[in-house]
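Structure at a glance
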Protein chains: 2
Amino acid sequence: MDSRGAILLRAAEIASVDGLEGVTIGRLAIELGMSKSGVFSHFGSKEELQLSAVHKAAEIFTREVVIAGGAALDLCERWLDYSKRRVFPGGCFFVVTRSEFAARPGRVRDALMLFHLRWASLLERLTGDAQLAFEVDALLAAADRFAVLYDDASAYERVRLALRARIAMPTGTEMSVARPNDSSIASQVSSMI
Amino acid sequence: MDSRGAILLRAAEIASVDGLEGVTIGRLAIELGMSKSGVFSHFGSKEELQLSAVHKAAEIFTREVVIAGGAALDLCERWLDYSKRRVFPGGCFFVVTRSEFAARPGRVRDALMLFHLRWASLLERLTGDAQLAFEVDALLAAADRFAVLYDDASAYERVRLALRARIAMPTGTEMSVARPNDSSIASQVSSMI
DNA sequence: CCTACCGATCGGTAGG
DNA sequence: CCTACCGATCGGTAGG
């Protein structure tokens, strides 16, 4: 109901399809039935709008993917499901925009780097292995890009199988809900918003 | 020396940094010291310019990466080196533009899909395993995106190690130059241009 | 290949 | 939040 939130949700959705540069103030105004200056006045510059959209997307991502109390494999399953459900219509907002801004210095890239660092450190904490965390992240991103590019969900199964082969299950805890590191994960969650 | 080639080379370079939508006719004109209509007249539409840039990038990629007579691991090493050398200043043209157009139907996406299908089938032929080929492709793309985003070449070493652990060396042929499947690879090369 | 131009859209501002 | 406007740039055209 708050219009700022509605603008940013739509901006994040558009960015997942057309990139953050494809998010224009005029387009948002038309799609939301507002005036251009009405949209613009919430942010003051396009860069602030982009940064706010990144923040909004981080909020959505955290809510949809980063649940407290999961093991590495659970987190991956949630990530794949989040991608498959098209929480963002063009696939994972962060996979798209990180690639878009990888070679463009500025505050938007910095924000995307920071978010990725937090995500990577969460993966590393849960897998207990930086190399494995890197490979897991690579496989998740590839599943997302392939599924969208080819409009073919089989990439998710492919990656699911690869991950199950690589990530060791914590023995004897497959059915448990609470885990010893619940609190550290919960703090990680809040730091990702 | 031919101006069409110079335009397309510059277009491909820009696209690796700013995406194919960041390639504008006015920008090309300024950077190449031409008039806008001089640039435009070679293509007739922006879509044709984008498609021609994809074709040009495929030519460059094939020249730099897809050499005849390599095993899977050799091809991966060449790919990582091509990314690391910044043949395209923003990293691999195809990793960038495929992500950019994954959710945007049209001729540009179709061209990028076709190129990727050929690349994936080459990887599958050399590895002899579709699942492994998928994972190799995922790791290469991740190395490229990470190295550019963090301006940190260590991702290449990380992926090199992962690939060496996964891709079996053809026993007894480590030092050979010619291989039995030279001709099939050579035909694959020409079909990628 | 050029100059000169077109309507549309861009990010952003003034003033209310 | 709005209308009305700004200069710059977009893809593209006419004519040479």
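For the structure given in this document, a descriptive report is provided here.

Quick word on the packing of aromatic side chains
A full pass over the atoms with the stated rule returns 22 aromatic pairs over all chains. Taking 5.3 Å as the distance between ring centres and 85° as the angle between the ring planes, the aromatic pair formed by Phe-61 of chain B and Phe-115 of chain B counts as edge-to-face. Placement of Phe-61 of chain B in helix 4 (residues 46–64) and of Phe-115 of chain B in helix 7 (residues 107–127) is noted, with a sequence separation of 54 residues between them. Here the two residues Phe-61 of chain B and Phe-115 of chain B agree in accessibility, since each one is buried. With a centroid separation of 6.2 Å and 85° between ring planes, the pair formed by Tyr-82 of chain B and Phe-88 of chain B is classed as edge-to-face. A network of ring pairs unites the aromatic residues Phe-61, Trp-79, Tyr-82, Phe-88, Phe-93, Phe-94, Phe-115 and Trp-119 of chain A as a single cluster. One Lys or Arg, Arg-104 of chain A, reaches over the ring of Phe-101 of chain A and ends 4.9 Å from the middle of that ring.

Regarding the interface of chain B and chain A
At the junction of the two partners, chain B supplies 34 residues and chain A supplies 34 residues. Of the roughly 3,000 Å² buried where chain B meets chain A, counting both sides, 63% is carbon and sulfur surface. Ranking the residues of chain B by area buried against chain A places Phe-134, Leu-149 and Arg-158 of chain B at the top, with a combined share of 23%. Counting across the chain B and chain A interface gives four salt bridges. Linking Glu-135 of chain B and Arg-166 of chain A is a salt bridge whose minimum nitrogen-to-oxygen distance equals 2.1 Å. Connecting chain B to chain A are ten residue pairs in polar contact (both at pLDDT 80 or more). For the side of chain B that touches chain A, the elements supplying multiple residues, two or more each, are helix 1 (3–18), helix 6 (93–101), helix 7, helix 8 (130–149) and helix 9 (154–166) of chain B. The element contributing the most residues to the side of chain B that touches chain A is helix 8 of chain B, with 13 residues. For the side of chain B that touches chain A, the class distribution of residues is 20 nonpolar, four polar and ten charged.

Topic: the protein's contact with DNA strand C
Residues in contact with DNA strand C amount to 16 residues; listed here are only the nearest, Thr-24 and Lys-46 of chain A together with Ser-3, Ser-35 and Ser-37 of chain B. Thr-24 of chain A is positioned such that a nitrogen or oxygen atom in its side chain is 2.8 Å from a phosphate oxygen of DNA strand C. In the model, a phosphate oxygen of DNA strand C is placed 2.6 Å from a nitrogen or oxygen of the Ser-3 of chain B side chain. No other element matches helix 3 (residues 36–40) of chain A, which puts three residues into the surface near DNA strand C.

A word on the protein's contact with DNA strand D
The immediate surroundings of DNA strand D are formed by 16 residues, with Ser-3, Ser-35 and Ser-37 of chain A together with Thr-24 and Lys-46 of chain B found nearest. One of the side-chain N or O atoms of Ser-3 of chain A is found 2.6 Å from a phosphate oxygen in DNA strand D. Note that a phosphate oxygen of DNA strand D is positioned 3.1 Å from one of the backbone N or O atoms of Ile-25 of chain B. At the level of secondary structure, the elements contributing two or more residues to the surface near DNA strand D comprise helix 3 of chain A together with helix 2 (25–32) and helix 3 (36–40) of chain B. Looking at the surface near DNA strand D element by element, the count peaks at three residues for helix 3 of chain B. When the residues that make up the surface near DNA strand D are grouped by side-chain class, the tally is four nonpolar, ten polar and two charged.

Scoring rules and cut-offs
- Residues numbered from 1 in each chain as written.
- Chains lettered and ligands numbered in written order.
- Predicted model: local features only at pLDDT ≥ 70, side-chain atom pairs only at ≥ 80, totals over all residues.
- Heavy atoms only, no water.
- Phe/Tyr/Trp six-rings, centres within 6.5 Å; stacked < 30°, edge-to-face > 60°.
- Helix = DSSP H or I, 4+ residues; strand = E, 2+ residues; numbered from the N terminus.
- Buried < 20%, exposed > 50% of the residue type's maximum accessible area, 1.4 Å probe, protein only.
- Lys NZ or Arg CZ within 6 Å of the ring centre and 35° of its normal.
- Contact = heavy atoms within 4.5 Å.
- Buried area = accessible area lost by both parts, 1.4 Å probe.
- Salt bridge = Lys/Arg side-chain N within 4 Å of Asp/Glu carboxyl O.
- Polar contact = N/O pair within 3.5 Å; in protein donor to acceptor, adjacent residues only side chain to side chain.
- Nonpolar A, V, L, I, M, F, W, Y, C, P; charged D, E, K, R; others polar.
- Near = heavy atom within 4 Å.

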